[in-house]
Amino acid sequence: MQFKKITQLAKGWSSYIWLVRGEDGKEYALKEVREKSPRKNLAEREGEMGLLANKVGVGPRVVEVNYEKNFVVREFVNGKNFLNWISSEEFDKSVTPQELYEFIKELYRALLALDSISLSHNQLEGGKNILVEEKVDALSKKRKFVPVIIDFEKASVKENNHTRNIGQIESMFFYNPHGMIAKKIRAKLSLTL
Ligand SMILES: Nc1ncnc2c1ncn2[C@@H]1O[C@H](COP(=O)(O)OP(=O)(O)O)[C@@H](O)[C@H]1O
Ligand SMILES: [Mg+2]
């Protein structure tokens, strides 16, 4: 499929992310390597690890991997990254304990699914590679916040290894005594250290 660039979504360490429109009229996110970057195998890493994650229902669907031009096209996720979401005033004022609890449950489900195929993400710390999409639940008609894990460039498959992706976030989410994220989560869920 052909893709037309609409606008730049992000400028990473060595890649650009573009909002693009496909021939089908839909919006996608295209990740390409920056001209001077030494990361020549972006498509290989991001694309192949992303496709593996998709097999267990994790990550935005990968729709195209172009090895020649070194880019990967994914479904566009309309949402903030987790760090910005939890730092926002909206989180403090309007996100309920139940909504946060359901969000974390979904995230754990996704991380366990990655464990089940021995895929270790390796860059979950910091919370920028977890996007938060606001949706409306089909049955209850209530709003819900859904985690979408992105950026599989540093991911690896560790055969015969007990991969624990949850281990990459639990300190940041719960146990870090002074961390802003852990403090906010503990406060909203009434947890004590
Ligand atoms: N599928 C997507 N949908 C929406 N935004 C995306 C998508 N993929 C990436 N982005 C945006 O681009 C940023 C950088 O993407 P990422 O894959 O993490 O690249 P980097 O390797 O530069 O960290 C993300 O934090 C997010 O804001
Ligand atoms: Mg990233």
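Before reading further, recall that the structure is shown in the block above.
So, here is what we can say about the structure in this document. (Residues numbered from 1 in each chain as written. Chains lettered and ligands numbered in written order. Predicted model: local features only at pLDDT ≥ 70, side-chain atom pairs only at ≥ 80, totals over all residues.)

### Re the site of ligand 1
In the vicinity of ligand 1 there are 18 residues, among which Ala-10, Gly-12, Ala-29, Val-77 and Asp-151 approach most closely. When contributions to the shell around ligand 1 are tallied by element, the ones reaching two or more residues are β1 (3–11), β2 (15–22) and β3 (27–33). Split by residue class, the shell around ligand 1 holds nine nonpolar, four polar and five charged. Here the shell around ligand 1 spans two domains, since at least three of its residues come from each of domain 1 (3–75) and domain 2 (79–189). (Near = placed C-beta within 6 Å. Helix = DSSP H or I, 4+ residues; strand = E, 2+ residues; numbered from the N terminus. Nonpolar A, V, L, I, M, F, W, Y, C, P; charged D, E, K, R; others polar. Domains from an automatic or database assignment.)

### Topic: unusual backbone geometry
Positive phi is not limited to glycine here, since Asn-70 has a value of about 60 degrees. Topologically, Asn-70 is positioned in the loop between β4 (62–66) and β5 (71–75). If you check the backbone angles, Ser-118 has positive phi at about 60 degrees while not being a glycine. Along the chain, the position of Ser-118 falls in the loop between α4 (97–116) and β7 (119–120). Classification of Ser-118 by C-beta neighbours within 10 Å gives partly exposed; the count is 15. (Buried ≥ 20, exposed ≤ 12 C-beta atoms within 10 Å, placed from the backbone.)

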